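Fold and geometry: a report
Here is what each chain is made of, one letter per residue.
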Amino acid sequence: MSITPEIEKRLSLLQEKYEAMGQDMVSYLDGLLHADFLTYWDYIHLDTLLSLQSPKTPFPDEEIFIMYHQITELYFKLVLHECKQIAEKQPLNAEFFTARIKRINSYFEALIKSFDIMVDGMEKEQFLQFRMSLLPASGFQSGQYRMIEIYSTDFINLVAKDKREELATAPIEDQFEFIYWKFGATELSTGKKTLTLKQFEKKYHKTFIELAKATAQHNFNALLQLMRYEGQSTAALENELRQLDVNVNVNWPRVHYKSAHRYLERKPEEIKATGGTNWQKYLPPRFQKRIFFPSLWTAEEEENWGKSWVESVLRS
Ligand code: HEM
């Protein structure tokens, strides 16, 4: 075999690379000689991935429930991957920011479109039985979902809406006491924190506070304000951010609520949620009015946040 100029060039580049680190190139070439070729299944850890479904009951539809939650969490991980890139980019310009928000929107749109799997894809009778073996676990405890919210907006916008004004300049720790989700995780009978919430706080409290502090100047809403202040052109960015607000704070909650309604609604009284919450009063977006980018909406749009669809779901 002849050593072509291309091979020679690669060898000298490799030599430079290893020398710079005080390493012997020949030993690394020996390593290459013995190394196996990469396979698809090893590269994506397929066997591990396919071994992560462990139903708690013999009902076949429980596996659908587990896998769809796992799929959702992987999408949330994709979203957070983009969030980190935006928060860490130096210097950040509107073009990069817009392109990354567009990706996040496409991830959420995939989830919104596929949520029918959770609405029509399981037998209600199976669901109502296997869910009792999952108590008190709930999707409510998705830490990634809350981290996406923290990356998206100023922490104060995640505080219960009647406390936002009063706590506007309070430290993050004080704002956290009134974070909106606590009000969804109150036991109907006693008014006390549910076990679902207590466990969730024990695991994530510190992480959420630290992330909120770290993103105080780098969350999407703060970055939007900064770009406007710098006089950057933000029209395309604003469109994507409005879409993000609708995707995360109206459309995903809407399709999610549809499944709660389908499985837990039973006249005259609804079935208790696994997290023990007052889900009817909590899940519909019109009650919480979570809005990441208040400056992008008119007072009327805020007033009517999430209203039209809720009525259509309730009518169906
Ligand atoms: C049959 C399907 C589902 C039903 C019936 C359902 C029901 C509920 C209910 C009743 C709650 C309120 C908290 C509680 O009491 O547990 C809740 C919260 C939540 N669930 Fe689901 N859920 C379903 C599927 C999913 C899926 C696939 C995910 C994806 C991770 C998910 C993520 C969440 C999140 C993030 C919350 C908190 C929402 C918020 O705070 O506004 N759920 N769910």
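We now turn to the structure provided with this report. Quick caveat: nothing in here was measured; it's all calculated off a predicted structure. (Residues numbered from 1 in each chain as written. Predicted model: local features only at pLDDT ≥ 70, side-chain atom pairs only at ≥ 80, totals over all residues. Heavy atoms only, no water.)

**Some words on the packing of helix α5 (residues 61–88) against helix α9 (residues 143–152)**
- α9 packs onto α5 with a crossing angle of 25 degrees between their chain directions and a minimal axis gap of 10 Å. With respect to α9, the element α5 is oriented roughly parallel. Crossing of α5 against α9: the hand is left-handed. For the pair α5 and α9, contact is made by Glu73, Phe76, Lys77, Val79, Leu80, Cys83, Lys84 and Ala87 and by Gln144, Tyr145, Met147, Ile148 and Tyr151, respectively.
- Here the residues of the contact of α5 with α9 are counted per class, giving 9 nonpolar, 1 polar and 3 charged. (Axes fitted to C-alpha atoms, helices over the stretch in contact; angles between N-to-C directions. Helix = DSSP H or I, 4+ residues; strand = E, 2+ residues; numbered from the N terminus. Parallel < 35°, antiparallel > 145°, perpendicular 65-115°, else oblique. Left-handed = near helix turned anticlockwise from the far one by under 90°. Contact = heavy atoms within 4.5 Å. Nonpolar A, V, L, I, M, F, W, Y, C, P; charged D, E, K, R; others polar.)

**Let's talk about the coordination of the iron atom of the ligand**
- When only protein atoms are considered, the iron atom of the ligand has one donor, His256 (NE2), at a distance of 2.1 Å.
- Inspection of the secondary structure assignment puts His256 in helix α13 (residues 235–264). (Donors = N, O, S within 2.8 Å, 3.2 Å for Na, K, Ca; no water.)

**Points about the layout of surface pockets**
- Each pocket or cavity is described by its volume, and for the largest pocket that value is around 1,400 Å³.
- Forming the boundary of the largest pocket are 48 residues, of which Phe65, His69, Ser138, Gly139 and Phe140 lie nearest the centre.
- Those elements that place two or more of their residues in the lining of the largest pocket are α5, α9, α11 (195–214), α13 and α14 (279–282).
- At 9 residues, α5 tops the list of elements feeding residues into the lining of the largest pocket.
- Each residue belonging to the lining of the largest pocket can be placed in one class, and the counts come to 25 nonpolar, 16 polar and 7 charged. (1 Å grid on protein atoms, 1.4 Å probe; cavity = no way out; pocket = protein on both sides within 12 Å on 5 of 7 lines; lining within 4 Å. Points joined across faces, edges and corners; volume = space filled by probe spheres on them.)

**Section: unusual backbone geometry**
- The omega torsion across Gln90 and Pro91 is -10 degrees, close enough to zero to call that bond cis.
- Residue Pro136 follows Leu135 across a cis peptide bond; omega there is -10 degrees.
- Of note, Pro136 is situated in the loop between α8 (124–130) and α9.
- The residue His45 is not glycine, and still its phi comes out positive at about 50 degrees.
- Checked against the element boundaries, His45 lands in the loop between α3 (40–43) and α4 (46–49).
- In this model, Lys289 sits at a positive phi of 45 degrees, which is unusual for a non-glycine residue.
- Structurally, the position occupied by Lys289 is in the loop between α15 (285–288) and α16 (299–303).
- Judged by its relative accessible area of 17%, Lys289 falls in the buried class. (Buried < 20%, exposed > 50% of the residue type's maximum accessible area, 1.4 Å probe, protein only.)

**Focus on the pattern of salt bridges**
- Enumeration over the complete set of coordinates arrives at 12 salt bridges.
- The shortest N-O distance in the salt bridge between Glu149 and Arg146 comes to 4.0 Å. Residue Glu149 and its partner Arg146 are located together in helix α9, separated by 3 residues, close to a single helical turn.
- Notably, a salt bridge pairs Glu149 with Arg290, separated by 3.6 Å at the nearest N-O pair. Taken together, the positions of Glu149 in helix α9 and Arg290 in the loop between α15 and α16 put the pair 141 residues apart, joining distant regions of the chain. Taken as a pair, Glu149 and Arg290 share a single burial class, namely buried. (Salt bridge = Lys/Arg side-chain N within 4 Å of Asp/Glu carboxyl O.)

**Examining the environment of Asn304**
- Along the chain, Asn304 turns up in the loop between α16 and α17 (307–315).
- C-alpha of Asn304 to C-alpha of Thr153: the two residues are 151 residues apart in sequence and 20 Å apart in space.

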